[in-house]
Amino acid sequence: MKDVNTDHQVRELLDREQIRDLVHRYCWAVDRGTLEEVMALFHEECHLALVPGKRYVGREATSKWYRVYMQNRMEVLRHLIHNQVITVNGDTATSKSYFDAVGDLKGESITVAGFYEDTLLRVNGEWKFTEKIIKLDFLVPLQEGWGGKRIKRNLVPPEV
C-alpha cells in the first residue's frame, strides 16, 4: 500500500529543490547570461518590482527592464543567496531570500545587498517566477563599507 504522506513529503522536497535551483539559475543568468536566459525563468504573465523604484507590470515591461539592465550591467557581478525560505502550496509557491553581491560599477568595486520576494507557479511541471520583488538595502563603493560613508566614532559603548 502506498504511503500518501511520504509521497507528499517527497513531492514537497523536490519542489523546494527545484525552486532553490530556479533562484540560483536566476542569479547566474543576471550575472553572466543573456536576456533570453533570464526571461526563460519567468511565466508568460509576470511582474517585477524594485524597492525603492518602480513596478513593471506584464512580461513586456519586465523584459524591457532586464534588457536595459543587461546592456548596462557591471562587467563583474557575483550574487550569493542566503537564508532562503520557501513555502509550497500545490502549484504555487513563495520564496524569500537575502542576496549579497559584489561587482564593479564604472571601474569601482561595489558591494550590494537586499532581498528577493518571489511568487512562483508550476507550469507543465516546471517552476516559473510570476512576480519578483527586489528590495535593495544598499549599493555602495566597497571602500565605504556596507554602511556607507565612514563616520569616525567611538566604538566603545559608554559606561552605564
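Residues numbered from 1 in each chain as written. Predicted model: local features only at pLDDT ≥ 70, side-chain atom pairs only at ≥ 80, totals over all residues. Heavy atoms only, no water.

(A) Inspection of the overall build of the chain at higher detail. From N to C terminus, the chain includes 3 helices and 6 strands. Listed by position from the N terminus, the elements making up the chain come as α-α-β-β-α-β-β-β-β. Scored against the burial criterion, the 160 residues of the chain give a buried share of 38%. Long-range pairs, those at least 24 residues apart, make up 54% of the contacts in the chain with a sequence separation of at least 6. Roughly 10700 Å² of accessible area belongs to the chain as shown, and the carbon and sulfur atoms make up 55% of that amount. (Helix = DSSP H or I, 4+ residues; strand = E, 2+ residues; numbered from the N terminus. Buried < 20%, exposed > 50% of the residue type's maximum accessible area, 1.4 Å probe, protein only. Contact = heavy atoms within 4.5 Å. Areas by Shrake-Rupley, 256 points an atom, 1.4 Å probe, with all protein chains shown as cover.)

(B) The arrangement of the pairing of strand β4 (residues 92-105) in detail. With 11 bridges connecting them, strand β3 (residues 77-89) and β4 associate as antiparallel partners. What sits directly across from His-79, in β4, is Ala-101. Taking the residues that link successive antiparallel strands as the turn, the β3-β4 hairpin has 2 residues, and the phi of Gly-90 there is positive, at about 70 degrees. Across 14 bridges, the pairing between β4 and strand β5 (residues 108-123) is antiparallel. Residue pairing in the sheet places Ala-101 in a bridge with Val-112 of β5. (Pairing = 2+ DSSP bridges.)

(C) Representation of the sheet that holds β4 in the model. Here 6 strands make up an open sheet; going across it, the order is β2-β1-β6-β5-β4-β3 and the pairing mixed. Of all the strands in the sheet, the pair left with one neighbour each is β2 (55-57) and β3. Ignoring which end each strand starts from, the neighbouring axes of this sheet average 15 degrees apart. Strands in contact with helix α3 (residues 59-72) are β1 (42-51), β2, β3 and β6 (126-141); relative to β1, the strand with the most contacts, it is inclined by about 60 degrees. (Axes fitted to C-alpha atoms, helices over the stretch in contact; angles between N-to-C directions.)

(D) Molecular detail of the packing of aromatic side chains. For the coordinates displayed, the defined rule picks out 11 aromatic pairs. Pairing Phe-99 with Tyr-116 gives two aromatic rings, centres 4.6 Å apart and planes at 25 degrees, and the pair type is stacked. Placement of Phe-99 in strand β4 and of Tyr-116 in strand β5 is noted, with a sequence separation of 17 residues between them. The buried category is assigned to Tyr-116, whose relative accessible area is 2%. One aromatic cluster is present, formed by Tyr-26, Phe-42, Tyr-56, Trp-65, Tyr-66, Tyr-69, Phe-99, Tyr-116 and Phe-129 through successive ring pairs. Above the ring of Tyr-116, the side-chain terminus of Lys-132 is found at 3.9 Å from the ring centroid. (Phe/Tyr/Trp six-rings, centres within 6.5 Å; stacked < 30°, edge-to-face > 60°. Lys NZ or Arg CZ within 6 Å of the ring centre and 35° of its normal.)

(E) Just the layout of surface pockets, in detail. A volume near 500 Å³ is recorded for the largest pocket. Looking at the lining of the largest pocket, the elements that each hand over two or more residues are α1 (4-32), β1, α3, β3, β4, β5 and β6. Partitioning the lining of the largest pocket into residue classes produces 19 nonpolar, 2 polar and 1 charged. When its volume is computed, the second largest pocket comes out at roughly 170 Å³. The wall of the second largest pocket is formed by His-24, Cys-27, Trp-28, Asp-31, Arg-32, Leu-77, Arg-78, His-79, Leu-80 and Ile-81. Contributions of two or more residues to the lining of the second largest pocket are made by α1 and β3. When its residues are assigned to classes, the lining of the second largest pocket shows 5 nonpolar, 2 polar and 3 charged. (1 Å grid on protein atoms, 1.4 Å probe; cavity = no way out; pocket = protein on both sides within 12 Å on 5 of 7 lines; lining within 4 Å. Points joined across faces, edges and corners; volume = space filled by probe spheres on them. Nonpolar A, V, L, I, M, F, W, Y, C, P; charged D, E, K, R; others polar.)

(F) Representation of a nonpolar patch on the surface within the structure. Taken together, the side chains of Leu-105, Leu-136 and Leu-139 make up a nonpolar region of the molecular surface, amounting to roughly 220 Å² of accessible area. Relative to the helices and strands, Leu-136 resides in strand β6. (Patch = residues over 30% accessible without salt bridge, like charges linked within 9 Å, V, L, I, M, F, W, Y side chains within 5 Å. Salt bridge = Lys/Arg side-chain N within 4 Å of Asp/Glu carboxyl O.)

(G) Examining the nonpolar core more closely. Formed by 32 residues in total, the largest nonpolar core has its most connected members in Tyr-26, Val-38, Phe-42, Tyr-66, Phe-129 and Ile-134. Breaking this core down by element, the ones donating at least two residues are α1, α2 (35-39), β1, α3, β3, β4, β5 and β6. Those residues in contact with Phe-129 that lie beyond four places of it in its chain are Leu-22, Val-23, Tyr-26, Leu-41, Phe-42, His-43, Cys-46, Asp-118, Thr-119 and Leu-120. (Core = buried A, V, L, I, M, F, W, Y, C linked by side-chain atoms within 4.5 Å.)

(H) Highlighting the environment of Pro-52. With respect to the secondary-structure elements, Pro-52 resides in the loop between β1 and β2. Each C-alpha atom, one on Pro-52 and one on Leu-136, is 6.9 Å from the other, the two residues being 84 residues apart in sequence.

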